[in-house]
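# Fold and geometry: a report
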Amino acid sequence: MKVPAGLTLAILGSTLALSCHRSEADVPDFNSPLPEISMSEGPDGLYITRLDGPWATDAGSAILYAEPGSSVLRSPSFADPEADEGDFYFSPEREEACFTSDRAVAGDIDIWCVRWAGDGWAAPTRMPEPINSESTEYSPVLRPDGSLYFASDRPGLGGGDLYHAVLRAEAWAVERLPASINSEFGEWNLEISPDGERLIFEASERPGNRSVSGDLYVSRRTGDSWTTAVPLSRLNGVGSELMPRFLSDGSLTYAQSSGDDADVMTAEPSTWEPITPMIAAVARSAGELVLLDPETLAVTQRIPAGVGPHDVAVSEDGRFALVPSHGVFPAPHEDPIEPSQMRWMSESSDGFRIVDLATGAQIAHRPLDGCERPHGAAITAQAERFWITCENEGHVREFDGATFAETRRFELANGVHKVMLLQDRSILVASNTDTGGIDLIDLDTGDSHFIATGNGAEGLAATGNGSRVFVTNGGTGEVCVVDVAAPTRTACWNSGGIFPIGLAHDAQRGWIWVVNNASSNLVALDDATGEVRRDFALPSRPLGIAFDVRADRLLIGLPRRNEVIAVNAASGDIVLRSEQVMEVDDIDPVPASYFRHSPDT
């Protein structure tokens, strides 16, 4: 099987990736000097796809199998030794396998299927159009209900897309999977978990990839569709990861390339599963990152996070949390207090920390010389890069996720506060309370463009596609809108309260939620007109805010009360209260895709 066009090996990556291992002791090791790019189970043994030449070339491929307990590979009876064949997938429920082959027309790789007769294979048959096409088809996955998932480089959203085919009234209907899976880049091969609830696939050239040529992503089923896919950073490394396959013992096999070779790897569920959903909240006065159960807001873990942290940024897959230590924080208090009782404490910052949320372990703790008050934080999808604002010095620092070394510095102006990475990962947005506006930083060129929005510019949010940015201006009591492409401020609206400080975008309703600190209220503004759609009173002055779209509720921090509350977006009722999060500031749903959470800070 030829590697899809455009997939060339790239050495990117991060030492934050966990290493996996080659085949377990009870699974024969079929890896050889030639590339092996898949391994799966059949009714009569283990099946692999092996290339006949180096990885990332036009090498052909063959399907081979070994009987149970044997490491001797041979061709199955259905194989055509003259053809380019691979991607074997067996459905035990249907006693049928599917694979790819160009046996009909050399160079035209299509999907074929073959029945298991109990003691051998029947003759394979080519699947009809519209499953097969004049383009190349890859990675058939036959489901127990008889439907078929597959990949194809036929014209679509990107270089390759994933499809689902269903047999209806003796005719196949094919649908491209939604944009939460497919992209303008390339999706090439896939696997569905045995329970049908998770889809794992390879994607190439995505901005958040460690390897341009292919990282593994996972999506969860939600009703009849799929959640936005997130990278499996616990598996993704410096080469391509591709062709995921579940074994009957629950382990996951996949291929990983290195140079001109590729080998089959295996991973136990505990070593690759995405992060358990949680709410991450910063406790400024306790110096903690507090993890909360999203269903109850009970505290599940408290992680030391330095002196007076204000902000947390979590990688898209939910694995890595970046927490700068600001050093200025309200005096600790166990019981709720009134605003007049609050007093500030000032200590030296001790830099930043990166925490692995899968294990709770601290991965890095580094000082920030010449950065007296680090505040805002942003991080890429798999933590290969991250950014921290230095308020007093007026710049944003960029760091390498592998070495934690500073790689660039964007000189802006004193007062730079929050920072947010937009969807396409090419624009960084920084708010500035002193200059009263935001800077749009082009990460490709390093250039920045300042846009005035109003006195006390602080809170940030964006539409899901990153085309518009919303900014709170505490001094003027407004929320302003910035068109990123223009780039210009297009509107400013009254926030519906006093001292707006935090934002969350509600794409379903077309609203922007605002927490007003001094007036203790939560307001929803129409994101096109600024008209007030909702106005809910809050029991104390709010600070951090995040939107849990999945449960249709706002997560709001009440620092004077040391708690996070969940507010029903329809009724304004407080439906949950957390255990103690002392002087809570920033709140992040983790992973964001589980909560269908738009970018904000």
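These notes cover the structure that comes with them. All values reported here derive from a predicted model rather than from experimental measurement. (Residues numbered from 1 in each chain as written. Predicted model: local features only at pLDDT ≥ 70, side-chain atom pairs only at ≥ 80, totals over all residues. Heavy atoms only, no water.)

### Overview of the pattern of salt bridges
Going by this rule: The term salt bridge refers to a pairing of a side-chain nitrogen on Lys or Arg with a carboxyl oxygen on Asp or Glu at a separation within 4 Å. Here a strand is any run of E in DSSP of at least two residues, a helix any run of H or I of at least four, and the numbering for each starts at the N terminus. The rule is simple: take the accessible area with a 1.4 Å probe, protein chains only, and divide by the maximum for that residue type; under 20% is buried, over 50% is exposed, in between is partly exposed.
A complete count under the given rule lists 28 salt bridges for this structure. For Glu 85, the salt bridge goes to Arg 103, with nearest N and O atoms at 2.5 Å. One end of the pair, Glu 85, is in strand β5 (residues 85–91); the other, Arg 103, is in the loop between β6 (96–101) and β7 (110–115), with 18 residues separating them in the sequence. Overall, Glu 85 belongs to the buried group, its relative accessible area being 2%. Its relative accessible area of 24% is what places Arg 103 among the partly exposed residues. With a shortest N-O distance of 2.9 Å, Arg 353 and Asp 350 are connected by a salt bridge. Given the relative accessible area of 10%, Arg 353 is considered buried. Sharing partners across several salt bridges, the network here consists of Arg 284, Arg 560, Glu 583 and Asp 585.

### Some details on the packing of aromatic side chains
Applied cut-off: What counts as a ring pair is set by centres within 6.5 Å for rings of Phe, Tyr and Trp (its six-membered ring), and what kind of pair is set by the plane angle: stacked under 30 degrees, edge-to-face over 60, tilted for all other angles. Here, over-ring charges are defined by two tests on the NZ atom of lysine or the CZ atom of arginine: distance to the ring centre within 6 Å, and angle to the ring normal within 35 degrees.
The tally for this structure, following the rule as stated, stands at 18 aromatic pairs. Measuring from centroid to centroid gives 5.8 Å for Phe 246 and Trp 272, while their planes differ by 55°, and the two rings are tilted. Taken as a pair, Phe 246 in strand β18 (residues 241–246) and Trp 272 in helix α1 (residues 269–272) lie far apart in primary sequence, 26 residues in all. Like Trp 272, Phe 246 is buried. Ring plane angle 70° and centroid distance 5.7 Å describe the contact between Trp 511 and Trp 513, whose orientation is recorded as edge-to-face. In this structure Trp 511 comes out as buried when scored by relative accessible area, which is 9%. Cluster of aromatic residues (ring-pair linked, three or more members): Tyr 47, Tyr 65, Phe 78, Phe 88, Phe 90, Phe 99, Trp 116 and Trp 121. Directly above the aromatic system of Tyr 163 lies the positively charged group of Arg 154, at a separation of 5.1 Å from the ring centroid. Sitting over the face of the ring of Tyr 217, Arg 206 holds its NZ or CZ atom 4.7 Å from the ring centroid.

### Considerations on the side chain of Ser 325
Applicable threshold: Counting of polar contacts relies on pairs of N or O atoms within 3.5 Å, with two restrictions inside protein: one atom must be capable of donating a hydrogen and the other of accepting it, and residues adjacent in sequence are counted only when both atoms are side-chain atoms. Between two residues, a contact is recorded if the distance between any of their heavy atoms is within 4.5 Å.
Secondary-structure assignment places Ser 325 in the loop between β25 (320–324) and β26 (328–330). The class for Ser 325 is buried, based on a relative accessible area of 1%. A distance of 2.8 Å separates the side chain of Ser 325 from the backbone oxygen of Val 307, its partner in a polar contact. A polar atom in the side chain of Ser 325 sits 2.8 Å from the side chain of Asp 350. When sequence neighbours within four positions are dropped, the list of residues in contact with Ser 325 reads Gly 306, Val 307, Gly 308, Pro 309, Ser 349, Asp 350, Gly 351 and Pro 374.

### Some points on the state of the cysteines
Worth spelling out the cut-off: Here, two cysteine sulfur atoms that lie within 2.5 Å of each other are counted as a disulfide.
By the definition in use, this model includes three disulfides. Note on cysteine connectivity: Cys 98 is disulfide-linked to Cys 113, with sulfurs 2.1 Å apart. Here the S-S torsion is close to 95°, and the disulfide linking Cys 98 with Cys 113 is therefore right-handed. You can see Cys 98 sitting in strand β6 and its partner Cys 113 sitting in strand β7, a full 15 residues away along the chain. Across the pair, exposure class does not vary: Cys 98 and Cys 113 are buried alike. The disulfide partner of Cys 371 is Cys 390, and the gap between their sulfur atoms is 2.1 Å.

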